[in-house]
Amino acid sequence: MAEPNPKRESESISLLSTGVSIAEAEDPNRPKQVMGFRDLVLFYVITGISLRWIATAAAAGPSSIVIWIGAWLCFYTPLALSVLELSSRYPNEGGLYVWSKRAFGDFSGFMSAWTYWTSNLPYFPAVLYFAASNILFMRQAKWQHLSNNATFYIVFALLTLSAATLLNIVGLDVGKWLHNVGAIAMWIPVGIVIAMGFIAYHRFGSATSFTVHSMIPSTRLNDIIFWSVLTFAFGGCETASFMGEEIKNARRTIPFALLFAGVTVTICYILGTVCVLLALPSSQVNSMQGLVQAVSATATRIGFPGVLPFAAFLIALSNIGAAGAYLAAVARLPFVAGLDRFLPRSFGALHPRWKTPWVALLTQFVLGVVFIFLGQAGTSVKGAYDVLVSMGVITYFIPYLYLFAAMIKLQREPAGPEVIHVPGGTVMAKLAATLGFCTTALTIALSLIPPPDEPNKPLAVFKVVGGCGALLLIGVWLYMSGKRRTLLEPRTPSSGVAREGAK
């Protein structure tokens, strides 16, 4: 890293006018670099795999295998290649925020971060409720009466969210162990499913007929909408880059960890789905109750019922780890926006002892608590919660449009010899990003289509579109307010200097 120019240390420099994120500034109070290669691989695993999608895919039958492969080719591969090169070009705190800002300016950088951050707010109660439901399978006979107990779900979600927040505030070097343990807990149930699938196949033959006809995806509208669900499952490999300044040798570590974890994610999804279908017909797989039901049915069939409590505990632990990982990564977006003064400066503050963005983490915790109670509220409010979840799916994909567009635009910028490029050079990089952009746009369009059982389809579409529009307008208002704040509060000489070579 180059030393600051002494002649510039006494000057008042506004990084906002240069298009360089203040997150790229030379700052002795920056977060600590604590994430190594092993930590990063496990982080990609915990954020890249959601076990519930294996059961969801298996419930759809053998054609889901082809859809998995299509989603991998058309979305995950372009996404991974784009993240690989962009994180190598610009390994800065904020990741997506920095890339969008460099490509399209302040407004795009803020809006990409805003939509990504807000889309994850409904995620925390959803994943923690899912973990709670799996805990009940540890002592199914005695605890199943809690399955409809709202108090149980609220208390469980509050305790686990509080623990994950505390660990991340104390430090990423502490919080990362929750992510690491969660990733290992993710692998083991998948391994159990794969092993039991092959045992069932060896003893009884395949429970599902894998033929050319059965593997051809249906083109009915409801099934086409399902394609977007499995595309959604492949999101997440961009998250670690949000913590670029906290990763040791990020320019090299992120790409290689991403490649290693990408293979793991793909194998777990596809092979896990195949093995569930080897053990059970798709009609016996409940997509709503997740992988633990498939484990239960398969274990009973092959005579290993004792594995269920162990698998249920690990699935719950993996989801708690995933919540902690997303809590850590997504908090870095309001953190860098706070550094750039588009949010109040408190968001850009690091804890004086632990060097973590504690205000951003606590803000996420408070909003997570709101969503936890919203998710268990009465019918009318619950309906509002469902709309927010649908909005979350759509707003989750808007940042990917920025990411792929930035990948195309930033090919114009020169890159040093240390940058890892997409194989095939600029042409292949643009083609991959274009494919990813088109797939993302199609996924957003499919997500707008209401389910067939929706009684009032126009109203459902209006709620989701109107809600997303309102969310975007709030983001625009926050950006404009922050922009005015930067004009009223000019940056002082002590704010830092831009890194040499950052441009």
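As the structure is a computational prediction, the values presented were derived from the model and not from experiment.

What counts as what
Residues numbered from 1 in each chain as written. Predicted model: local features only at pLDDT ≥ 70, side-chain atom pairs only at ≥ 80, totals over all residues. Heavy atoms only, no water. Salt bridge = Lys/Arg side-chain N within 4 Å of Asp/Glu carboxyl O. Buried < 20%, exposed > 50% of the residue type's maximum accessible area, 1.4 Å probe, protein only. Helix = DSSP H or I, 4+ residues; strand = E, 2+ residues; numbered from the N terminus. Axes fitted to C-alpha atoms, helices over the stretch in contact; angles between N-to-C directions. Left-handed = near helix turned anticlockwise from the far one by under 90°. Contact = heavy atoms within 4.5 Å. Phe/Tyr/Trp six-rings, centres within 6.5 Å; stacked < 30°, edge-to-face > 60°. pLDDT = per-residue confidence, 0-100.

## Looking at the pattern of salt bridges
Tallied over the entire structure, the rule returns 10 salt bridges. When the shortest N-O distance is used, the salt bridge between arginine 38 and aspartate 39 registers 3.5 Å. According to the relative accessible area criterion, arginine 38 is partly exposed, its value standing at 49%. The residue aspartate 39 makes a salt bridge to lysine 176 at a minimum N-O spacing of 3.0 Å. Placement of the pair is aspartate 39 in helix H1 (residues 37-48) and lysine 176 in helix H9 (residues 172-204), with a sequence separation of 137 residues. Overall, the relative accessible area of 9% leaves lysine 176 in the buried class. Salt bridges linked by common partners bring Lys101, Asp106, Asp340 and Lys483 together as one network.

## Re the packing of H9 against helix H13 (residues 291-302)
Where H9 contacts H13, the axes come no closer than 10 Å and their chain directions differ by 35°. As H9 packs across H13, the resulting crossing turns out to be left-handed. Contacts from Val193, Met196, Ile199, Ala200, Arg203 and Phe204 in H9 reach Leu291, Val295, Thr298, Ala299, Arg301 and Ile302 in H13.

## Looking at the packing of aromatic side chains
Counting across every chain of the model gives 25 aromatic pairs. Plain terms: the ring middles of tyrosine 116 and phenylalanine 242 are 5.0 Å apart, the flat faces sit at 85° to each other, and that makes the pair edge-to-face. Of this pair, tyrosine 116 sits in helix H5 (residues 106-119) while phenylalanine 242 sits in the loop between helix H11 (221-233) and helix H12 (250-279), placing them 126 residues apart in sequence. Its relative accessible area of 0% is what places tyrosine 116 among the buried residues. Residue classification places phenylalanine 242 among the buried positions, given a relative accessible area of 0%. Taken together, the ring pairs connect Trp53, Phe75, Tyr116, Phe232, Phe242, Tyr396, Phe397, Tyr400 and Phe404 into an aromatic cluster.

## Quick look at helix H4 (residues 96-104)
H4 sits mainly inside the fold: 8 of its 9 residues count as buried. Buried within H4 we find Leu96, Tyr97, Val98, Trp99, Ser100, Lys101, Arg102 and Ala103. With its phi angle positive at about 105°, glycine 105 sits one or two positions after the end of H4.

## Examining the confidence of the model for the protein chain
Across the protein chain, pLDDT averages 83, with 86% of residues at or above 70. The element-level mean pLDDT for the protein chain is lowest in helix H17 (residues 379-409), coming to 75, with H4 highest at 94. With pLDDT under 50 throughout, residues 1-26 is counted as low confidence; its partners more than four residues away or in other chains account for 57 contacts. Long-range and interchain partners of residues 492-503, a stretch whose pLDDT sits below 50, account for 26 contacts in this model, where long-range means more than four residues apart.

## A few points about the environment of methionine 186
Inspection of the secondary structure assignment puts methionine 186 in helix H9. Relative accessible area serves as the criterion here: at 2%, methionine 186 is assigned to the buried category. Once residues lying within four places of it in the same chain are set aside, the contact partners of methionine 186 are Val45, Ile46, Ile49, Leu51 and Ser318.

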